[in-house]
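So the chains spell out like this:
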Amino acid sequence: MAIEVRPASVFEDVAAVLGPRSPAADVCWCLSYRIPSKLNKELRGPARGDHVARLCRADPPPGVLAYDGDEPAGWAAVAPRADTSFARNRKIPHVDDLPVWSLWCVRVRPGHRKQGITHALIAGAVDFARAHGAPAIEAYALDNGDAKVDLTMAYAGLRKNFERAGFVHAADTTSVLAGHPRILMRLDLR
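Everything numeric here is computed off the predicted structure, so don't read it as measured data. (Residues numbered from 1 in each chain as written. Predicted model: local features only at pLDDT ≥ 70, side-chain atom pairs only at ≥ 80, totals over all residues. Heavy atoms only, no water.)

So, the overall build of the chain: which residues are in play, and what are the values?
For the chain, the helix and strand inventory stands at five helices and seven strands. Going residue by residue from the N terminus, the α and β elements of the chain occur as β-α-α-α-β-β-β-α-β-α-β-β. Its C-alpha atoms give the chain a radius of gyration of 16 Å, within 12% of the compact-globule value 16 Å for 190 residues. Projected onto its principal axes, the C-alpha positions of the chain cover 40 × 40 × 35 Å. Counting the 190 residues in the chain, one finds 46% classified as buried. Considering only residue pairs separated by 6 or more positions, the chain has 64% of its internal contacts joining residues 24 or more positions apart. Of the roughly 9,500 Å² that the chain leaves accessible, carbon and sulfur atoms contribute 51%. (Helix = DSSP H or I, 4+ residues; strand = E, 2+ residues; numbered from the N terminus. Rg over C-alpha atoms; globule rule 2.2 N^0.38 Å. Buried < 20%, exposed > 50% of the residue type's maximum accessible area, 1.4 Å probe, protein only. Contact = heavy atoms within 4.5 Å. Areas by Shrake-Rupley, 256 points an atom, 1.4 Å probe, with all protein chains shown as cover.)

Explain the state of the cysteines residue by residue, including any values.
Within the structure shown, the criterion is met by zero disulfides. Summary of cysteine pairing: Cys-30 is not part of a disulfide, and the nearest cysteine sulfur, belonging to Cys-105, is at 3.6 Å. The closest cysteine sulfur to the non-disulfide-bonded Cys-56 is located on Cys-30, 11 Å from its own sulfur. (Disulfide = S-S within 2.5 Å.)

Please give an account of the nonpolar core that cites residues and values.
Judged by nonpolar contacts, the single largest core of 30 residues is most densely connected at Val-14, Leu-18, Cys-30, Leu-65, Trp-75, Trp-104 and Cys-105. Put simply, the parts of the chain that give this core at least two residues each are α1 (11-18), α3 (46-57), β2 (63-68), β3 (71-80), β4 (101-108), β5 (136-142) and β6 (168-177). By size, the runner-up hydrophobic cluster in this structure holds 26 residues, among which are Ala-76, Ala-134, Phe-167 and Leu-187. (Core = buried A, V, L, I, M, F, W, Y, C linked by side-chain atoms within 4.5 Å.)

Tell me about the environment of Ala-125, and please be specific about residues and values.
Mapped onto the fold, Ala-125 is located in helix α4 (residues 117-131). For the pair Ala-125 and Gly-157, spaced 32 residues apart in sequence, the C-alpha to C-alpha distance is 13 Å. If we ignore the near neighbours within four places in the chain, the residues touching Ala-125 are Val-64, Ala-76, Val-78, Leu-103 and Ile-137.

I'd like a rundown of the environment of Arg-164, residues and numbers included.
By the element assignment, Arg-164 lies in helix α5 (residues 159-164). With relative accessibility at 62%, the residue Arg-164 sits in the exposed group. Sequence separation of Arg-164 and Ile-122 is 42 residues, and the distance between their C-alpha atoms is 9.8 Å.

How would you summarise the pairing of β2 if you had to cite specific residues and measurements?
Of all six residues that make up β2, five are buried, and the element is covered over most of its length. With five bridges connecting them, strand β1 (residues 3-7) and β2 associate as antiparallel partners. Pairing of Ile-3 across the sheet is with Asp-68, part of β2. Bridging between β2 and β3 involves six bridges; their strand directions are antiparallel. Residue pairing for β3: Tyr-67 is matched across the bridge by Pro-72. Connecting β2 to the antiparallel partner β3 that follows it, the hairpin turn spans two residues, and Gly-69 within it adopts a positive phi of roughly 70°. (Pairing = 2+ DSSP bridges.)

Report on the sheet that holds β4, specifying residues and quantitative values.
Across the sheet, which stays open at both edges, the seven strands sit in the order β1-β2-β3-β4-β5-β7-β6 with mixed pairing between neighbours. Edge positions in the sheet fall to β1 and β6, since each of these pairs with one other strand and no more. Sheet twist, expressed as the mean angle between neighbouring strand axes with direction ignored, is 25°. Strands β2, β3 and β4 of the sheet are contacted by α1, whose axis makes an angle of about 100° with β3. (Axes fitted to C-alpha atoms, helices over the stretch in contact; angles between N-to-C directions.)

Lay out the side chain of Ser-102 with the relevant residues and their values.
Relative to the helices and strands, Ser-102 is located in strand β4. There is a polar contact of 2.6 Å between the side chain of Ser-102 and the side chain of Tyr-140. The contacts of Ser-102, once residues within four sequence positions are left out, are Ala-77, Val-78, Ala-79, Pro-80, Arg-81, Thr-84, Phe-86, Glu-138 and Tyr-140. (Polar contact = N/O pair within 3.5 Å; in protein donor to acceptor, adjacent residues only side chain to side chain.)

Any details on α1? Residues and values, ideally.
For an α-helix the count is 3.6 residues per turn, leaving residues at separations of three or four pointing the same way. Buried residues of α1: Asp-13, Val-14, Val-17 and Leu-18, and no others. For α1, the angular spread of the buried residues around the axis is 120°, confining them to a single face. Close packing links the buried residues of α1 with α3, β2, β3 and β4. (Arc of directions from axis to C-beta.)

In structure tokens, the structure reads:
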């Protein structure tokens, strides 16, 4: 299987990975950390997808997609930290004043899991951030050890996957997700 990672500029492909079965559903669409809380609460049903469609047309687009042939198989959200709620998050510290990028969501579609797509998405997000001038990239991974993680909450990524990609533990946080502490993982791109 050849997995290719590309910028998430085709809305229909992003929708295949993140979108709801019902257009009226109020699913995340990976907007929770990307937009202000007030706007996140105001966007309901199809308006959430419309907002993501606009993001897909922006430069840079909102992340990267992994493709198995022509089929979108996974997603990773990546953007400058300053453009996310992580810029103001009290539970996740700032390591320094570098204009780092954040990688906060990795999702692989059912039927494509356990095939290395998560690793391809992390590598693709790193390449994307580097190509857009990021001096470093951060992730806020679950430090779950060998404990199982509910797939719904595994979107933050697991420490071991980021370590495999060269990220290092840069700081502890006070954030907990699905009962697991989150740690700030970082990769210098300079």
